[in-house]
Amino acid sequence: MHSMCVLHMLVVMVHVHIYSKRLYILAQLPVPAAEVEKFDFNLENIEEEECLHLFRFAKADIPLLAEELAFPEIVKCDNGTVASRTLALCIVLRRLAYPNRLKDIVPIFGKTHTEISSIFNETINLLHATWSHLHDLIDKTWLLDKLDDYSAAIRARCPLDRCIGFIDGTTRAIARPTHNQQVVYSGHKRAHVLKYQSVVAPCGIIISLHGPVEGRRHDAAILTESDVLEQLAAISGQANREYYFYGDAAYPVRRNLICPFKGAHLSDEEQEFNTQMSRVRQSVEWGFSKVVNLFAFLDFRKNLKLELSPVGKYYIVGVILTNIHTCMYGSQISDYFQTPPPTLQEYLAG
């Protein structure tokens, strides 16, 4: 009798599992095009508060931003799908703002999930191709004009002179890939990740970004690969004055890179230096946090599938859009150092 009950329970559990699996599969099926209510997207129909929630930018600023980003008036996809530049930018901003499924944002734009996917990827590629050079340290006219201001802002908070930014690495978790899992696996994080190296200035702008790099690489190796110190040395030469970045203990001391004092027996002065620098160096973490707080899609590993999507481009574009947000609205970092960011036009001019 007991065996029959157990068998019955197992049969029921199997049926429940199969039913649940079918429901899950049905939930993932795309919305048929015939069921999508088609309409022309009009940003003016969205309330200001809702616009900030959906797109992270003020309503009046979005069309202007699309123009400043040099979008064509009509964004055309390879499959024939088209969108106005305002619509294309809104789709990117909404997709990055929160890890919704594509079919969940269909009612916002009046497009099928397939059309939204095409517009999103086309616009990401456009942004990356046009603006990824902004992540290089060199050829930033606005930065050259602000070196002494940034140095003074940091000096006001710590004992370090002629430091213009803070360097650190960040890891972005991704879905476990089907192939070459060990390449992107970080034993330290115990996850599959892509790594990026950033330099954050006291104005809140991420003035240098290098990556993506495979997750198993060490910060010191990424530093060598990035050439960012060589770029800073070149800038110092142009300014006829030596400038520095400050990094954590994972980095080696170099000509243009200062790190904490290391060792088990530090003097009181050395310990005090490390303590003060640790307080101000946290600003680089604020920079990383702003990126994923604005664009939570970048922090949702299940959607970041390396072999199906240009995952590396997503974060690069996310940082560009975050920097633009800082130019337009400021940031915690710029408030902390009391240093205004460049204007949007200055930033985009490089």
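Every value quoted in this text rests on a predicted model; they were computed, and no experiment measured them.

## Digging into helix α12 (residues 283-294)
Then comes step 1: The end-to-end C-alpha distance of α12 is 17 Å, a good match for the 16 Å that 12 residues give at a rise of 1.5 Å each.
Then comes step 2: When you tally the buried positions in α12, you get 9 out of 12 residues, the bulk of the element.
Then comes step 3: The set of residues buried in α12 consists of Ser 283, Val 284, Trp 286, Gly 287, Phe 288, Lys 290, Val 291, Val 292 and Leu 294.

## Some remarks on the confidence of the model for the protein
Then comes step 1: In this model, the protein carries a mean pLDDT of 89, and residues with pLDDT of at least 70 account for 90%.
Then comes step 2: The model gives residues 1-31 a pLDDT under 50, and that stretch makes 9 contacts with residues more than four places away or in other chains.

## Re the pattern of salt bridges
Then comes step 1: By the definition in use, this model includes 8 salt bridges.
Then comes step 2: The residue Asp 104 makes a salt bridge to Arg 101 at a minimum N-O spacing of 3.3 Å.
Then comes step 3: The class for Asp 104 is partly exposed, based on a relative accessible area of 36%.
Then comes step 4: A relative accessible area of 39% places Arg 101 in the partly exposed class.

## A look at unusual backbone geometry
Then comes step 1: Backbone torsion omega between Gly 211 and Pro 212 reads 5°, so that peptide bond is classified as cis.
Then comes step 2: One non-glycine residue with positive phi stands out, namely Ala 70, at about 65°.
Then comes step 3: Along the chain, Ala 70 turns up in the loop between α3 (61-68) and β1 (74-76).
Then comes step 4: Positive phi, normally seen in glycine, also occurs at Asn 240, with a value near 55°.
Then comes step 5: With respect to the element layout, Asn 240 can be found in the loop between α10 (228-239) and β7 (244-246).

## What about the packing of aromatic side chains?
Then comes step 1: One pass over the full model with this rule turns up 13 aromatic pairs.
Then comes step 2: Here the aromatic rings of Phe 41 and Phe 109 are separated by 5.3 Å at their centres, their planes lie at 50°, and the arrangement is tilted. Of this pair, Phe 41 sits in the loop between α1 (2-28) and α2 (48-55) while Phe 109 sits in helix α5 (residues 106-109), and the two are 68 residues apart along the sequence. With respect to burial, Phe 41 and Phe 109 carry one shared label: buried.
Then comes step 3: Judged by centre distance (5.4 Å) and plane angle (70°), the ring pair of Phe 261 and Phe 273 falls under edge-to-face. Of the two residues, Phe 261 is situated in the loop between β8 (257-258) and α11 (268-281) and Phe 273 in helix α11; the sequence distance between them amounts to 12 residues.
Then comes step 4: What makes Phe 261 partly exposed here is its relative accessible area of 40%.
Then comes step 5: By the ring-pair criterion, three or more aromatic residues cluster together here, those being Phe 166, Trp 286, Tyr 336 and Phe 337.

## Focus: the nonpolar core
Then comes step 1: Judged by nonpolar contacts, the single largest core of 99 residues is most densely connected at Phe 55, Leu 69, Phe 109, Ile 207, Phe 245, Ile 324 and Tyr 347.
Then comes step 2: If one sorts the elements of this core by residue count, helix α13 (residues 311-329) sits on top with 10 residues.

## Topic: a negative patch on the surface
Then comes step 1: A surface patch of like charges, here negative, comprises Glu 47, Glu 48, Glu 49 and Glu 50.
Then comes step 2: Of note, Glu 50 is situated in helix α2.

## Here we look at the packing of helix α6 (residues 113-131) against α13
Then comes step 1: Between α6 and α13, the shortest axis-to-axis distance is 10 Å and the interhelical angle comes to 65°. On the basis of their axis angle, the class for α6 and α13 is roughly perpendicular. When the axes of α6 and α13 are compared, the crossing they make is left-handed. Within the contact between the two elements, α6 uses Phe 120, Asn 121, Ile 124, Asn 125, Leu 127, His 128 and Trp 131 and α13 uses Lys 313, Tyr 314, Ile 316, Val 317 and Ile 320.
Then comes step 2: Here the contact of α6 with α13 is built from residues that sort into 8 nonpolar, 3 polar and 1 charged.

## Looking at the pairing of strand β5 (residues 191-200)
Then comes step 1: Among the 10 residues that make up β5, 10 are buried, leaving the element largely enclosed by the rest of the structure.
Then comes step 2: With burial as the criterion, each face of β5 is covered, one bearing Ala 191, Val 193, Lys 195, Gln 197 and Val 199 and the other bearing His 192, Leu 194, Tyr 196, Ser 198 and Val 200.
Then comes step 3: Across 8 bridges, the pairing between strand β3 (residues 163-173) and β5 is antiparallel. Bridge pairing links Ala 173 to Val 193 in β5.
Then comes step 4: The antiparallel pairing of strand β4 (residues 185-186) with β5 creates a hairpin that spans 4 residues between the two strands, and Arg 190 there sits at a positive phi of about 55°.
Then comes step 5: Pairing of β5 with strand β6 (residues 206-214) involves 6 bridges; the strand directions are antiparallel. Bridged to Lys 195 within β6 is Val 213.
Then comes step 6: Where β5 folds back on β6, the antiparallel hairpin that results is connected by 5 residues, among which Gly 204 adopts a positive phi of roughly 95°.

## Notes on the environment of Phe 120
Then comes step 1: Along the chain, Phe 120 falls in helix α6.
Then comes step 2: Along the sequence, Phe 120 and Arg 95 sit 25 residues apart, while their C-alpha atoms lie 7.7 Å from each other.
Then comes step 3: Excluding residues that lie within four positions of it along the chain, Phe 120 makes contacts with Ile 91, Val 92, Arg 95, Leu 96 and Tyr 314.

## What to know about the packing of α12 against α13
Then comes step 1: Where α12 meets α13, the axes come as close as 9 Å, and the angle between the chain directions of the two elements is 100°. Overall, the two elements α12 and α13 adopt an arrangement that is roughly perpendicular. Residues Phe 288, Lys 290, Val 291 and Leu 294 of α12 pack against Tyr 315, Gly 318, Val 319, Thr 322, His 325 and Thr 326 of α13.
Then comes step 2: Taken together, the residues of the contact of α12 with α13 break down into 5 nonpolar, 4 polar and 1 charged.

So, how was this worked out
Residues numbered from 1 in each chain as written. Predicted model: local features only at pLDDT ≥ 70, side-chain atom pairs only at ≥ 80, totals over all residues. Heavy atoms only, no water. Helix = DSSP H or I, 4+ residues; strand = E, 2+ residues; numbered from the N terminus. Expected span 1.5 Å × (residues − 1). Buried < 20%, exposed > 50% of the residue type's maximum accessible area, 1.4 Å probe, protein only. pLDDT = per-residue confidence, 0-100. Contact = heavy atoms within 4.5 Å. Salt bridge = Lys/Arg side-chain N within 4 Å of Asp/Glu carboxyl O. Phe/Tyr/Trp six-rings, centres within 6.5 Å; stacked < 30°, edge-to-face > 60°. Core = buried A, V, L, I, M, F, W, Y, C linked by side-chain atoms within 4.5 Å. Patch = residues over 30% accessible without salt bridge, like charges linked within 9 Å, V, L, I, M, F, W, Y side chains within 5 Å. Areas by Shrake-Rupley, 256 points an atom, 1.4 Å probe, with all protein chains shown as cover. Lys, Arg positive; Asp, Glu negative; His and termini not counted. Charge placed at Lys NZ, Arg CZ, Asp CG, Glu CD. Axes fitted to C-alpha atoms, helices over the stretch in contact; angles between N-to-C directions. Parallel < 35°, antiparallel > 145°, perpendicular 65-115°, else oblique. Left-handed = near helix turned anticlockwise from the far one by under 90°. Nonpolar A, V, L, I, M, F, W, Y, C, P; charged D, E, K, R; others polar. Pairing = 2+ DSSP bridges.

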